[in-house]
Amino acid sequence: MKKKVMLCKILRGVIIVFLLILLPQTLGKAIIVTTAVDIIPVMQEKSNWCWAACAEICGKNANPNSTRTQRDVVRTIKGSSLPNVTGTLRQSEIGTEYVAMSVMDYLYGEIRLDYSQITECLAHGYAVQAAAGIYSLDGVRQGGHMVVINMTQFVDIVGENPYRLTYYDPNDGLSYTCTYEEFCNGSFNGRRYDQTVYVEVE
């Protein structure tokens, strides 16, 4: 009887040690789910060529064998003088398909994909072009900038926004990470995500 009581006490002690020491360490570890694609980063050659640089990046993401560049995109769409001008959303889509040599059909729209849609595109191997607008105080869009989203991360940490993304900016050649919410509302970089060029996946 005494042996049984002693075994019960030992077992109870082991359980308490686990609950007090090991369990909190286990629960404290963040669960991170990363979805990413490889891209070949290029910087825009002129101040208004973010759209053409992103077309080159995503076109080569779809077709790594392509040798077409942002200069080829601008020459084809804007003319041989290679003017330093912005491109429309439609021209971004045309330029991306041109670089990809039409191996993939792209869609475009004045929409923003939700976090799960972006993640799904990446899961199928396709980077997402996201344009974000600069807005006046009365809500008028006064220009924008195109970047390439190449990674999302779901980070399960108590008290933090779990939905994060990483984008490459062809203007400075750097990658940035923020929450999806910050990317949409402009609190991260002053621009609101509002337009997309992407591959529709099922």
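Residues numbered from 1 in each chain as written. Predicted model: local features only at pLDDT ≥ 70, side-chain atom pairs only at ≥ 80, totals over all residues. Heavy atoms only, no water.

S.K.: Whenever I open this one, helix α5 (residues 115-123) confuses me. Can you help?
M.R.: Residues spaced three or four apart along an α-helix point in a common direction, a consequence of the helix completing one turn every 3.6 residues. Listing the buried residues of α5 in full gives Tyr-115, Ile-118, Thr-119, Cys-121 and Leu-122. Along α5, the residues classed as buried sweep out an arc of 155 degrees about the axis, all on the same side. Among the structural elements, β1 (31-36), β3 (128-135), β4 (141-156), β5 (163-169), α6 (180-185) and β7 (192-198) are those in contact with the buried residues of α5. Directly after α5, the chain includes Gly-125, whose backbone phi takes a positive value near 100 degrees. (Buried < 20%, exposed > 50% of the residue type's maximum accessible area, 1.4 Å probe, protein only. Helix = DSSP H or I, 4+ residues; strand = E, 2+ residues; numbered from the N terminus. Arc of directions from axis to C-beta. Contact = heavy atoms within 4.5 Å.)

S.K.: Help me out: how do you make sense of the layout of surface pockets in this one?
M.R.: Using a probe with the size of a water molecule, rolled over the atoms, empty space left in the structure can be pinpointed. Taken as a whole, the largest pocket spans an internal volume of roughly 320 Å³. Residue lining of the largest pocket: 17 residues in total, with Thr-86, Gly-87, Arg-141, Gly-144 and His-145 positioned closest to the centre. Secondary-structure elements contributing two or more residues to the lining of the largest pocket are α2 (50-62), α4 (89-99) and β4. Counting residues per element, the lining of the largest pocket draws most heavily on β4, which supplies four residues. A breakdown of the residues in the lining of the largest pocket according to their chemical character gives five nonpolar, 10 polar and two charged. (1 Å grid on protein atoms, 1.4 Å probe; cavity = no way out; pocket = protein on both sides within 12 Å on 5 of 7 lines; lining within 4 Å. Points joined across faces, edges and corners; volume = space filled by probe spheres on them. Nonpolar A, V, L, I, M, F, W, Y, C, P; charged D, E, K, R; others polar.)

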